[in-house]
Amino acid sequence: MIETPRLLLRRFRPDDAPLLGAYRSDPDIARYQSWNSPLTPAEAAETVRGYSEAQPVEPGWFQYAIELHANPGYLVGDLGVNLHENRLQADIGFTLAPAHHGHGYATEAVHATVGHLAAQGMYRFGAYCDTRNAASIRVLERTGFRREGHGVEDALIRGEWTDTYSFGLLARHWKGPSATA
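Treat the numbers as computed from the prediction; the structure is a model and nothing was measured. Counting of residues starts from 1 at the beginning of each chain's written sequence and follows it residue by residue. Thresholds applied to this predicted model are a pLDDT of at least 70 for local features of residues and 80 or more for the giving and counting of side-chain atom pairs; totals over whole chains, interfaces and linings are not thresholded and use all residues. Working from all heavy atoms in the structure, the side-chain values ignore hydrogens and water.

Colleague: For this particular structure, what's the right way to read the nonpolar core?
Modeller: Nonpolar side chains in soluble globular proteins tend to end up buried together. Core analysis: the largest hydrophobic core is formed by 34 residues, its most contacted members being L79, F125 and F145. Numbered from the N terminus, helices here are DSSP runs of H or I no shorter than four residues, and strands are runs of E no shorter than two. Counting residues per element, the ones that place at least two in this core are strand 2 (7-10), strand 3 (60-68), strand 4 (75-83), strand 5 (89-96), helix 4 (105-119), strand 6 (124-130), helix 5 (134-142) and strand 8 (160-170). In terms of residue count, the dominant contributor to this core is helix 4 (seven residues). Put simply, a nonpolar core is a bunch of buried Ala, Val, Leu, Ile, Met, Phe, Trp, Tyr and Cys residues held in one set by side-chain atoms that sit within 4.5 Å of each other. Burial classes follow relative accessibility: with a 1.4 Å probe on protein chains only, a residue under 20% of its type's maximum area counts as buried, one over 50% as exposed, and anything between as partly exposed. The next biggest cluster of nonpolar side chains, apart from the first, holds 11 residues, and it includes F12, L20, Y23 and V48.

Dropping the structure here:
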């Protein structure tokens, strides 16, 4: 659905469930996220089923499966787009399996998704991040997002009140394909 030189962002398939369940059950990955963790195999299968039935052009969350061209069919993470009712704004979130951190895949996936949606007329993008999640903050900043706010203890994650940063990016400020080079 969205392609880069190294990645394919596509719909989820049933065979993605074991890998999604594995990385979303990793305590270090789930630490900053609101989803239930660990995921049982049945919960992972149900999650993937729900993702595969969503429509990217309808308001609400749509999760893209991220796979590497070098390893076709192998799920390395996911990227979610929450399309607002006005279809001119979207929030973005992303998660990668730990073995695939540090290779620029998240930056590449976010950048490609913003470009794809900007080309379709999207006006504004948003993202929210736990203030302790330095890696995700770097991804957002590298892709042109600007920190717009700091919520103090505004998210209850795993029984802990945490601070969050809000980020924004206007489509007209997006730098285009050369921004990740």
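Continuing now.
Colleague: Looking at this structure, how should I read helix 5?
Modeller: An α-helix turns once per 3.6 residues; consequently, residues spaced three or four apart project the same way. Within the sequence span of helix 5, burial applies to S136, I137, V139 and L140. Angularly, the buried residues of helix 5 cover 160° about the axis, an arc narrow enough to put them on a single face. By definition, residues are in contact when any of their heavy atoms lie within 4.5 Å. Its buried side turned inward, helix 5 meets strand 5, helix 4, strand 6, strand 7 (146-157) and strand 8. One or two steps after helix 5, the chain reaches G144, where phi turns positive at roughly 100°. As used here, the arc is the angular range of directions from the helix axis to the C-beta atoms.

Colleague: Can you walk me through the pattern of salt bridges in this structure?
Modeller: Side chains that carry opposite charge are capable of pairing whenever their charged atoms lie near each other. The term salt bridge refers to a pairing of a side-chain nitrogen on Lys or Arg with a carboxyl oxygen on Asp or Glu at a separation within 4 Å. Applying the stated criterion to the full structure yields 14 salt bridges. In this structure, the salt-bridge partner of R13 is D15, at a minimum N-O distance of 3.6 Å. With relative accessibility at 32%, the residue R13 sits in the partly exposed group. Through salt bridges with shared partners, a single network forms among R10, R13, D15, D16 and E67.

Colleague: Help me out: how do you make sense of the packing of helix 1 (residues 17-25) against helix 3 (residues 41-53) in this one?
Modeller: Think of two packed helices as two axes; the pair is described by the angle between the axes and how far apart they sit. Orientation of helix 1 relative to helix 3, taken along the N-to-C sense of each, is 115°, at an axis distance of 8 Å. Overall, the two elements helix 1 and helix 3 adopt an arrangement that is roughly perpendicular. Note on packing geometry: the crossing formed by helix 1 with helix 3 is right-handed. Listed contacts from helix 3 to A17, L20, G21 and R24 of helix 1 are A44, A45, T47, V48 and Y51. Partitioning the contact of helix 1 with helix 3 into residue classes produces six nonpolar, two polar and one charged. Interaxial angles span 0 to 180 degrees and are taken between N-to-C directions of axes, which are lines fitted to C-alpha atoms, for helices over the stretch in contact. Comment on the angle field: the value is read as roughly parallel under 35 degrees, roughly antiparallel over 145, roughly perpendicular from 65 to 115, and oblique elsewhere. Each crossing gets its handedness from the near helix: less than a right angle anticlockwise from the far helix is left-handed, clockwise is right-handed. Throughout, the ten residues Ala, Val, Leu, Ile, Met, Phe, Trp, Tyr, Cys and Pro are labelled nonpolar, Asp, Glu, Lys and Arg are labelled charged, and all others, Gly among them, are labelled polar.

Colleague: I keep staring at the sheet that holds strand 6 and nothing clicks. Help me out?
Modeller: Strand pairs in the sheet, formed through backbone hydrogen bonds, run parallel or antiparallel to each other. Note: two strands are recorded as paired if DSSP finds a minimum of 2 bridges between them. If you walk across this open sheet you meet the eight strands as 1-2-3-4-5-6-8-7, and the pairing is mixed. Edge positions in the sheet fall to strand 1 (2-3) and strand 7, since each of these pairs with one other strand and no more. Note: strand 3 against strand 4, eight bridges, orientation antiparallel. The residue of strand 4 that forms the bridge with G60 is L83. Against the sheet, helix 5 touches strand 5, strand 6, strand 7 and strand 8, its axis set at about 160° to strand 6.

Colleague: Looking at this model, I keep getting lost on the pairing of strand 5. Mind explaining?
Modeller: Residues in a regular strand project their side chains so that they alternate between the two faces of the sheet. Across the eight residues that make up strand 5, a large majority, six, are buried. Where strand 4 meets strand 5, seven bridges bridge the pair, whose relative direction is antiparallel. Within the sheet, the bridge partner assigned to L83 lies in strand 5 and is A90. Here strand 4 folds back onto strand 5, and the loop between the two strands holds five residues, one of which, R87, carries a positive phi near 60°. For crossovers, right-handed means that the path from the first strand over the helix to the second runs clockwise, given strands pointing away from the viewer. Between the parallel elements strand 5 and strand 6, the chain passes through helix 4 in a crossover that is right-handed.

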